[in-house]
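Descriptive analysis of the structure
The primary structure of each chain is shown beneath.
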Amino acid sequence: MMKKWMQLLVLITSITSAGTLLASGGFGAGEGSSKNMPAVTNAKWKTECGSCHMVYHPGLLPERSWNKVMAGLDKHFGENASLDAATHDEIAKFLAANSADKQDNRRSNRINESIPASAALMRITETRYFTSKHDEVSANTFKRKSIGSESNCIACHKGAEKGDFSESQLRIPR
(Lines give C-alpha, C1' and ligand atoms only; values in the text may rest on other atoms or scores of the structure.)
Protein backbone atom coordinates (compact mmCIF):
# COMPACT_ATOMS: atom_id res chain seq x y z
CA MET A 1 0.00 0.00 0.00
CA MET A 2 2.84 2.41 0.87
CA LYS A 3 4.49 1.72 -2.50
CA LYS A 4 1.33 2.79 -4.41
CA TRP A 5 1.16 6.02 -2.38
CA MET A 6 4.80 6.76 -3.16
CA GLN A 7 4.21 6.12 -6.87
CA LEU A 8 1.19 8.45 -6.81
CA LEU A 9 3.20 11.13 -5.00
CA VAL A 10 6.04 10.86 -7.55
CA LEU A 11 3.53 11.06 -10.42
CA ILE A 12 1.81 14.15 -8.99
CA THR A 13 5.15 15.84 -8.33
CA SER A 14 6.34 15.10 -11.87
CA ILE A 15 3.17 16.46 -13.46
CA THR A 16 3.25 19.59 -11.30
CA SER A 17 6.94 20.21 -12.07
CA ALA A 18 6.47 19.72 -15.81
CA GLY A 19 3.46 22.05 -15.81
CA THR A 20 5.39 24.73 -13.96
CA LEU A 21 8.33 24.42 -16.34
CA LEU A 22 6.08 24.68 -19.40
CA ALA A 23 4.13 27.64 -17.99
CA SER A 24 7.34 29.54 -17.25
CA GLY A 25 8.69 29.00 -20.76
CA GLY A 26 11.51 26.96 -19.24
CA PHE A 27 12.14 24.78 -22.27
CA GLY A 28 14.43 26.60 -24.69
CA ALA A 29 14.93 29.68 -22.56
CA GLY A 30 18.41 30.58 -21.37
CA GLU A 31 19.49 29.99 -17.77
CA GLY A 32 17.75 32.53 -15.60
CA SER A 33 15.81 33.93 -18.53
CA SER A 34 12.06 34.39 -18.57
CA LYS A 35 9.50 35.24 -21.21
CA ASN A 36 8.55 38.70 -19.94
CA MET A 37 10.84 41.66 -19.83
CA PRO A 38 11.90 42.84 -16.39
CA ALA A 39 10.19 45.91 -15.00
CA VAL A 40 12.47 48.89 -15.52
CA THR A 41 12.00 52.51 -14.71
CA ASN A 42 13.61 55.87 -15.04
CA ALA A 43 11.80 59.00 -13.88
CA LYS A 44 12.92 61.22 -16.77
CA TRP A 45 12.12 58.54 -19.38
CA LYS A 46 8.66 58.08 -17.89
CA THR A 47 8.02 61.84 -17.65
CA GLU A 48 9.46 62.96 -20.98
CA CYS A 49 8.43 60.07 -23.21
CA GLY A 50 5.20 59.39 -21.35
CA SER A 51 4.00 62.97 -21.74
CA CYS A 52 3.20 62.28 -25.41
CA HIS A 53 2.70 58.51 -25.70
CA MET A 54 2.96 55.30 -23.75
CA VAL A 55 6.50 54.59 -22.59
CA TYR A 56 7.89 51.81 -24.75
CA HIS A 57 9.88 49.27 -22.80
CA PRO A 58 13.58 49.53 -23.77
CA GLY A 59 13.64 45.75 -24.33
CA LEU A 60 11.50 46.20 -27.44
CA LEU A 61 14.38 47.49 -29.59
CA PRO A 62 18.17 47.02 -29.68
CA GLU A 63 20.56 49.75 -28.60
CA ARG A 64 21.33 50.83 -32.18
CA SER A 65 17.62 51.54 -32.73
CA TRP A 66 17.26 53.53 -29.52
CA ASN A 67 20.39 55.51 -30.48
CA LYS A 68 18.74 56.38 -33.80
CA VAL A 69 15.48 57.37 -32.08
CA MET A 70 17.35 59.59 -29.61
CA ALA A 71 19.50 61.15 -32.36
CA GLY A 72 16.40 62.32 -34.22
CA LEU A 73 14.29 63.81 -31.44
CA ASP A 74 14.02 67.11 -33.30
CA LYS A 75 11.96 65.22 -35.93
CA HIS A 76 10.48 62.50 -33.70
CA PHE A 77 7.72 60.99 -35.86
CA GLY A 78 6.69 64.44 -37.05
CA GLU A 79 7.13 66.22 -33.72
CA ASN A 80 9.94 68.17 -32.09
CA ALA A 81 10.72 66.19 -28.94
CA SER A 82 14.12 67.76 -28.29
CA LEU A 83 15.50 67.55 -24.76
CA ASP A 84 18.16 69.38 -22.81
CA ALA A 85 21.54 67.65 -22.97
CA ALA A 86 21.47 66.18 -19.45
CA THR A 87 17.97 64.70 -19.85
CA HIS A 88 18.81 63.40 -23.33
CA ASP A 89 21.96 61.68 -22.06
CA GLU A 90 20.21 60.13 -19.06
CA ILE A 91 17.37 58.70 -21.14
CA ALA A 92 19.74 57.51 -23.89
CA LYS A 93 21.90 55.67 -21.34
CA PHE A 94 18.82 54.13 -19.72
CA LEU A 95 17.46 52.90 -23.07
CA ALA A 96 20.86 51.51 -24.09
CA ALA A 97 21.42 49.69 -20.79
CA ASN A 98 17.99 48.04 -20.96
CA SER A 99 17.72 47.49 -24.72
CA ALA A 100 16.74 44.19 -26.38
CA ASP A 101 20.35 43.26 -27.05
CA LYS A 102 21.25 43.71 -23.37
CA GLN A 103 18.30 41.74 -21.92
CA ASP A 104 18.19 38.12 -20.81
CA ASN A 105 14.58 37.29 -21.51
CA ARG A 106 13.02 35.33 -24.30
CA ARG A 107 10.88 38.14 -25.73
CA SER A 108 13.74 40.67 -26.03
CA ASN A 109 16.03 37.98 -27.45
CA ARG A 110 13.47 37.09 -30.12
CA ILE A 111 12.82 40.73 -30.96
CA ASN A 112 16.55 41.34 -31.31
CA GLU A 113 16.96 38.24 -33.49
CA SER A 114 14.12 39.42 -35.75
CA ILE A 115 15.98 42.60 -36.71
CA PRO A 116 18.89 42.33 -39.16
CA ALA A 117 22.18 43.31 -37.49
CA SER A 118 22.68 46.02 -40.11
CA ALA A 119 19.26 47.61 -39.43
CA ALA A 120 18.35 50.22 -36.86
CA LEU A 121 14.56 50.12 -36.99
CA MET A 122 12.81 52.94 -35.20
CA ARG A 123 9.38 51.35 -35.12
CA ILE A 124 8.68 48.27 -33.05
CA THR A 125 5.79 47.56 -35.40
CA GLU A 126 8.29 47.03 -38.26
CA THR A 127 10.09 44.13 -36.58
CA ARG A 128 9.48 40.61 -37.87
CA TYR A 129 8.71 39.63 -34.29
CA PHE A 130 5.85 42.13 -34.04
CA THR A 131 4.39 41.25 -37.44
CA SER A 132 4.49 37.53 -36.70
CA LYS A 133 2.84 37.99 -33.30
CA HIS A 134 0.09 40.19 -34.78
CA ASP A 135 -0.48 38.44 -38.11
CA GLU A 136 -4.02 37.43 -37.11
CA VAL A 137 -5.04 41.00 -36.19
CA SER A 138 -6.66 42.82 -39.10
CA ALA A 139 -5.69 46.35 -40.12
CA ASN A 140 -9.27 47.41 -39.33
CA THR A 141 -8.87 46.21 -35.75
CA PHE A 142 -5.86 48.50 -35.28
CA LYS A 143 -7.89 51.39 -36.76
CA ARG A 144 -10.64 51.10 -34.14
CA LYS A 145 -11.11 54.31 -32.18
CA SER A 146 -10.40 52.37 -28.98
CA ILE A 147 -6.96 51.31 -30.31
CA GLY A 148 -5.90 53.97 -32.82
CA SER A 149 -2.86 52.28 -34.34
CA GLU A 150 -0.46 49.34 -34.14
CA SER A 151 1.85 51.42 -31.96
CA ASN A 152 -0.68 51.80 -29.14
CA CYS A 153 0.37 48.59 -27.38
CA ILE A 154 -1.29 49.53 -24.11
CA ALA A 155 -4.75 49.50 -25.72
CA CYS A 156 -4.66 45.67 -25.77
CA HIS A 157 -1.71 44.84 -23.51
CA LYS A 158 -2.40 46.52 -20.16
CA GLY A 159 1.07 45.62 -18.86
CA ALA A 160 2.93 46.85 -21.97
CA GLU A 161 4.76 49.67 -20.22
CA LYS A 162 6.11 47.13 -17.73
CA GLY A 163 7.18 44.70 -20.47
CA ASP A 164 4.28 42.30 -19.86
CA PHE A 165 2.73 41.18 -23.13
CA SER A 166 1.44 37.85 -21.86
CA GLU A 167 -1.52 36.48 -23.77
CA SER A 168 -3.39 35.85 -20.54
CA GLN A 169 -3.53 39.65 -20.06
CA LEU A 170 -4.50 40.40 -23.67
CA ARG A 171 -7.80 42.24 -24.14
CA ILE A 172 -8.67 43.61 -27.59
CA PRO A 173 -11.13 46.48 -27.11
CA ARG A 174 -14.22 46.82 -29.30
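Residues numbered from 1 in each chain as written. Predicted model: local features only at pLDDT ≥ 70, side-chain atom pairs only at ≥ 80, totals over all residues. Heavy atoms only, no water.

What to know about the environment of Ser132
Using the following cut-off: A run of H or I in DSSP becomes a helix once it reaches four residues, and a run of E becomes a strand once it reaches two; helices and strands are each numbered from the N terminus.
Within the secondary structure, Ser132 is located in helix 6 (residues 128-133). Along the sequence, Ser132 and Ser114 sit 18 residues apart, while their C-alpha atoms lie 9.9 Å from each other.

Notes on the nonpolar core
In globular proteins that are soluble, nonpolar side chains generally tend to be buried together. Cut-off, in case you're wondering: Only buried Ala, Val, Leu, Ile, Met, Phe, Trp, Tyr and Cys residues count toward a nonpolar core, and they belong to the same one when joined by side-chain atoms within 4.5 Å. Note on exposure labels: buried denotes an accessible area under 20% of the residue type's maximum, exposed denotes more than 50%, and partly exposed covers the range between, all computed with a 1.4 Å probe on protein chains only. Contacts were defined at the residue level, with two residues in contact if any of their heavy atoms lie within 4.5 Å.
Core analysis: the largest hydrophobic core is formed by 26 residues, its most contacted members being Trp45, Tyr56, Leu60 and Leu95. Counting residues per element, the ones that place at least two in this core are helix 2 (43-50), helix 3 (63-71) and helix 4 (85-97). Counting residues per element, this core draws most heavily on helix 4, at four residues. Ignoring sequence-local partners within four residues, the contact set of Tyr56 consists of Trp45, Trp66, Ile124, Ser151 and Cys153.

What about the side chain of Ser99?
Basically, it comes down to this: Think of a polar contact as two N or O atoms within 3.5 Å of one another; within protein, one of them needs to be a possible hydrogen donor and the other a possible acceptor, and neighboring residues in sequence only count if both atoms come from side chains.
Of note, Ser99 is situated in the loop between helix 4 and helix 5 (106-113). Reaching out from Ser99, the side chain makes a polar contact with the side chain of Asp101 at a distance of 2.6 Å. In this view, Ser99 contacts Pro58, Gly59, Leu61, Pro62, Glu63 and Trp66; residues no more than four positions away in its chain are not counted.

Here we look at the confidence of the model for the chain
When pLDDT drops low, the exact placement of atoms in the prediction is not to be read closely. For the record, the criterion: Confidence scores labelled pLDDT are given residue by residue by the predictor and lie between 0 and 100.
When the pLDDT values of the chain are averaged, the result is 87; 81% of them are 70 or greater. This model gives residues 18-32 a pLDDT under 50, and the stretch forms eight contacts once residues within four places in sequence are excluded.

Digging into the packing of helix 3 against helix 4
As a reminder, the rule being used: Axis definition: a line fitted to C-alpha atoms, limited for helices to the stretch in contact. Angles are taken between N-to-C directions and run from 0 to 180 degrees. Here the word oblique covers every angle except those under 35 degrees (roughly parallel), over 145 (roughly antiparallel) and from 65 to 115 (roughly perpendicular). The crossing is said to be left-handed when, going from far helix to near helix, the turn is anticlockwise and less than a right angle, and right-handed when the turn is clockwise.
For the pair helix 3 and helix 4, interaxial distance at closest approach is 9 Å and the crossing angle is 160°. Classed by the angle they form, the pair helix 3 and helix 4 counts as roughly antiparallel. The handedness of the crossing between helix 3 and helix 4 comes out as right-handed. Where helix 3 approaches helix 4, its residues Glu63, Trp66 and Met70 are matched on the opposing element by His88, Ile91, Ala92, Leu95 and Ala96.

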